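Spelled out, the chains give:
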Amino acid sequence: MGDTIQLLSSGLALGAVYALIALGFVVIYRASQVFNFAQGEFLMVGAFLTVSLASTGMPWALAVLGAMVGTGMLAAVVERVVLRPMVGRPVFATIILTIFVGMILRSIVMIVWGTSSRGMPTPWDTTATIELFGARVLVNSIGAVGAGGIALAAFFLILRYTRIGVAMRATSSDQEASLALGIPVGRIFGATWFLAGMYAALGGVFLGMFPRSVDPNLGFVALRAFPAVIVGGLDSPLGVVIAGVLLGLLEVLAQSHINPELGSFGQNFHAVFPYIVMILVLVIRPRGLMGSREVKRV
Amino acid sequence: MPTRALVTRYEQDLALFPDFWQRLGLALGIAFLLAFPLTANAYWLNIGTLTLVTVVGSISLMILTGFTGQISLGHAAFLALGAYTAAILGSRWGLPFWLLLPAGGLVAAAVGLMVGPFALRLEGLYLAIVTLGLLFLVNHVLLSFPEVTRGVSGISVPMHAWFADAGADVSFRKPLVVGRYTLAFEQKIFLLYAVVVAVVVWLANNLRRSNAGRAMMAVRDHDMAASVMGVNVSATKIIAFGVSSFFAGVAGAMYAFQQQYITVDPPFNLTMSVQYIAMIVLGGVGTLTGAVIGALAFTVLSPIAEMVGHQIPWVQNLTSAQQSTLLFSLLVIGFLLYEPMGLYGIWLRVKRYFMAWPFRY
């Protein structure tokens, strides 16, 4: 029982991070039909910014907030400079563009912060655990789940009740109509990228915590969040959050229960397992759990 | 303004080298390919051979992405399959290289045909992610059967000129002595690969201008319109996957023979897939010339990026591979924003300027 709870807690923590990353993808995709392959690099920038800000003696919460705002601004700048001119160009071109934006960000991170790995500062002891239902659960995990939950709740509240949230929903449903209604679509794009950058940074903070560390390979973890996006449905925030949490749990459970069963094939099997799930979902239900069916018109 | 002389007969339309300038270019190209291995030093000869391998790889991605419009982030997986087929069959059964080059292609094509059906249900973005998953899966499988693939430690690739169980030493790596002249292995493999590249370019060019190739471009430009006009979209996509992964497998086998010792990751990772995408964007998406120019630019610019990168104060902290990645990322973004047709687009503009000279049309 204790083992299972421990696994569930780390699975939930991983799932919360996946959900944050996946939400970033979906926000951008809904607003501008761009799938941002650089999301992982935003996450990495956020994690490194937090480390740097916290090392200046800033309180932890303020450092995280500063990193979120900084990454959000970076994302908005990327949108304005590189992606705005691509409006109306084929999907193919924007996908390739974001991949290479990610490459450049990775190089910049390596130039600024070097390639050595470092620990993510935490307000509590990095390896602290607390007793929960007879299991020792890392405080980091609880922090990830808590912060993830708050961030997701904030997202849905913003989307539903604020002016900018309504404008975002309008833009994602019809750009031309919203432009005609006086919504500044360009600025809404910027705002969505800002939001996505903020969520990426928050995900990066909790991803970089113990047992992992902050290094330039952190961005590749976002590749593992892709299945969550696809399984959840590309245009459904709720769907990807559910799928993210489920896949995080599945990955941790697969690591402890399926890997040992498979012998040498099982080594690192948990890393490809989400992709296998994703391919199965795509074959059976291409739009994902909650995505809307794509209608094609000539 | 037509980009080539007006054609009035089918023979002219079918001719591969219709006018004087193209025949001149062909002659110069052949002369260069023959002279290069005899004059270049070991460093540039190595880069030259790698360029030929890369040309085959980028042509194969061009067929899938450039002609058919299907984005693949898993191109490295097909190269890995070709490379490992060549390595395993060559070391286990001593098969000769001229059998292993197509064999690597066939194995990759078999996997490509299995992925093809996914492409029928998935559009650009989804396909990119599924092919990325395919890359992870292939690498995982290659690493998890160490008794066959030797796992993370890598596998050496013998290159037999004839069936090895005949007893005699039939390695292709021995220098070839003709009278007073000696051809070293590096020179032999360059000439061999030049022939392979010529064959692949010829095949791909015929594909491009035949029924199948035109169907691919119709699917790329508008799949629904294409299907209304009678193009079998499903068959076209699957054919594109098969042909593309076949050539990618051949490129992988060529790479394995050239490297002599291969491991799974690096080189067969996401970076490789992305590099191939960079090449076709750089060269010009949708054109065969673009695939060749892109691959040439990529392999020639990499050493130059290294040289320049070491002079720039901030950039010199990066490894040389990272420096060239940075340069190519900037180039690709620049091209996507300002010259979507790539280097081929620039070349077309230069050519048109001179064809219309002294008038500015």
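All values reported here derive from a predicted model rather than from experimental measurement. (Residues numbered from 1 in each chain as written. Chains lettered and ligands numbered in written order. Predicted model: local features only at pLDDT ≥ 70, side-chain atom pairs only at ≥ 80, totals over all residues.)

Digging into the overall build of chain A
Across its full length, chain A holds 11 helices and 2 strands. Helices and strands in chain A line up, N terminus first, as α-α-α-α-β-β-α-α-α-α-α-α-α. Relative to the globule expectation of 19 Å for 298 residues, the C-alpha radius of gyration of chain A, 19 Å, shows essentially globular dimensions. Seen through its C-alpha atoms, chain A measures out along the principal axes to roughly 60 × 50 × 35 Å. Across the 298 residues of chain A, 50% fall into the buried class. Of the contacts formed within chain A by residues at least 6 apart in sequence, a portion of 74% connects residues at least 24 apart. (Helix = DSSP H or I, 4+ residues; strand = E, 2+ residues; numbered from the N terminus. Rg over C-alpha atoms; globule rule 2.2 N^0.38 Å. Buried ≥ 20, exposed ≤ 12 C-beta atoms within 10 Å, placed from the backbone. Contact = placed C-beta atoms within 7 Å.)

Things to note about the overall build of chain B
The helix and strand inventory of chain B stands at 15 helices and 4 strands. For chain B, whose C-alpha radius of gyration is 21 Å, the value lies close to the compact-globule estimate of 21 Å for 361 residues. Oriented by its inertia axes, the alpha-carbon framework of chain B measures out at about 65 × 55 × 55 Å.

Notes on the nonpolar core
Membership of the largest hydrophobic core comes to 206 residues, with the highest contact counts inside it found for A:Ala22, A:Leu23, B:Val56, B:Ala80 and B:Met254. At 17 residues, helix α1 (residues 2-32) of chain A tops the list of elements feeding residues into this core. If sequence neighbours within four positions are ignored, B:Val56 has contacts with B:Val196, B:Val197, B:Val200, B:Phe247, B:Val250, B:Ala251 and B:Met254. (Core = buried A, V, L, I, M, F, W, Y, C linked by C-beta atoms within 7 Å.)

Points about the interface of chain B and chain A
When the parts of a complex come together, some accessible area is lost, and that lost area is often used as the size of the interface. Taken together, the 37 residues of chain B in the interface contact 32 residues of chain A. Going through the elements one at a time, α5 (97-121), α6 (124-144), α10 (223-228), α12 (270-283) and α14 (320-338) of chain B are the ones with two or more residues in the side of chain B that touches chain A. Per-element tally for the side of chain B that touches chain A: the top contributor is α6(B), with 12 residues. The class makeup of the residues in the side of chain B that touches chain A is 27 nonpolar, 9 polar and 1 charged. (Nonpolar A, V, L, I, M, F, W, Y, C, P; charged D, E, K, R; others polar.)

Details of the environment of A:Ile99
Residue and element names in this part refer to chain A. Tracing the backbone through its elements, the reader meets Ile99 in helix α4 (residues 91-113). Under the C-beta neighbour-count criterion, Ile99 is labelled buried, with 24 such atoms within 10 Å. Separated by 39 residues in the primary sequence, Ile99 and Trp60 place their C-alpha atoms 31 Å from one another.

A few points about unusual backbone geometry
Positioned with a positive phi, B:Gln260 is a non-glycine residue whose angle comes to about 70°. Structurally, B:Gln260 can be placed in the loop between α11 (233-259) and β4 (261-262).

Some words on the confidence of the model for chain B
Averaged over all residues, the pLDDT of chain B is 83; the fraction at 70 or higher stands at 95%. Our summary of model confidence lists the complex with pTM equal to 0.85 and ipTM equal to 0.80. (pLDDT = per-residue confidence, 0-100.)

A closer look at the confidence of the model for chain A
This prediction gives chain A a mean pLDDT of 82; 92% of its residues lie at or above 70. Highest mean pLDDT in chain A belongs to helix α3 (residues 60-83) of chain A (90); lowest belongs to strand β1 (residues 129-132) of chain A (71).

Quick notes on α12(B)
All names here are of chain B. Look at α12: 20 Å from first C-alpha to last across 14 residues, which is about the 20 Å you get at 1.5 Å a residue. Of all 14 residues in α12, 12 are buried, a share of seventy percent or more. Listed as buried for α12 are Met272, Ser273, Val274, Gln275, Tyr276, Ile277, Ala278, Met279, Ile280, Val281, Leu282 and Gly283. One or two residues past the end of α12 sits Gly284, with phi positive at roughly 130°. (Expected span 1.5 Å × (residues − 1).)

Topic: the environment of B:Ser324
Residue and element names in this part refer to chain B. Locating Ser324 in the fold gives a position in helix α14. Separated by 26 residues in the primary sequence, Ser324 and Phe298 have C-alpha atoms spaced 9.1 Å apart. With near-sequence residues (within four places) excluded, Ser324 lies in contact with Ser302, Ala305 and Glu306.

Here we look at helix α3 (residues 42-67) of chain B
Residues and elements named next belong to chain B. With 26 residues, α3 should reach 38 Å at 1.5 Å per residue; the first-to-last C-alpha distance of 36 Å fits that figure. A maximum bend of about 30° is found in α3 at Leu61. Directly after α3, the chain includes Gly69, whose backbone phi takes a positive value near 75°. (Bend = angle between axes of the 7 residues up to and from the residue.)

Re the packing of helix α4 (residues 75-93) of chain B against α11(B)
All names here are of chain B. Where α4 contacts α11, the axes come no closer than 6 Å and their chain directions differ by 55°. Comparing the axis directions of α4 and α11 gives the class oblique. The two elements α4 and α11 cross, and the hand of that crossing is right-handed. Touching His75, Phe78, Leu79, Ala80, Leu81, Gly82, Ala83, Thr85, Ala86 and Ala87 of α4 are Ser245, Ala248, Gly249, Val250, Ala251, Gly252, Ala253, Tyr255, Ala256 and Phe257, all from α11. (Axes fitted to C-alpha atoms, helices over the stretch in contact; angles between N-to-C directions. Parallel < 35°, antiparallel > 145°, perpendicular 65-115°, else oblique. Left-handed = near helix turned anticlockwise from the far one by under 90°.)

Things to note about the packing of α12(B) against α14(B)
All names here are of chain B. At a minimum axis distance of 9 Å, the contact between α12 and α14 shows a crossing angle of 40°. Our classification of the angle between α12 and α14 gives oblique. The crossing of α12 and α14 is left-handed. Judged by residue contacts, Ala278, Val281 and Leu282 of α12 engage Phe328, Leu331, Val332, Phe335 and Leu336 from α14. Here the residues of the contact of α12 with α14 are counted per class, giving 8 nonpolar, no polar and no charged.

A closer look at the environment of B:Asn211
All names here are of chain B. With respect to the secondary-structure elements, Asn211 resides in helix α9 (residues 211-221). Given 10 C-beta atoms within a 10 Å radius, Asn211 is considered exposed. For the pair formed by Asn211 and Val231, sequence separation is 20 residues and the distance between their alpha carbons is 9.8 Å.

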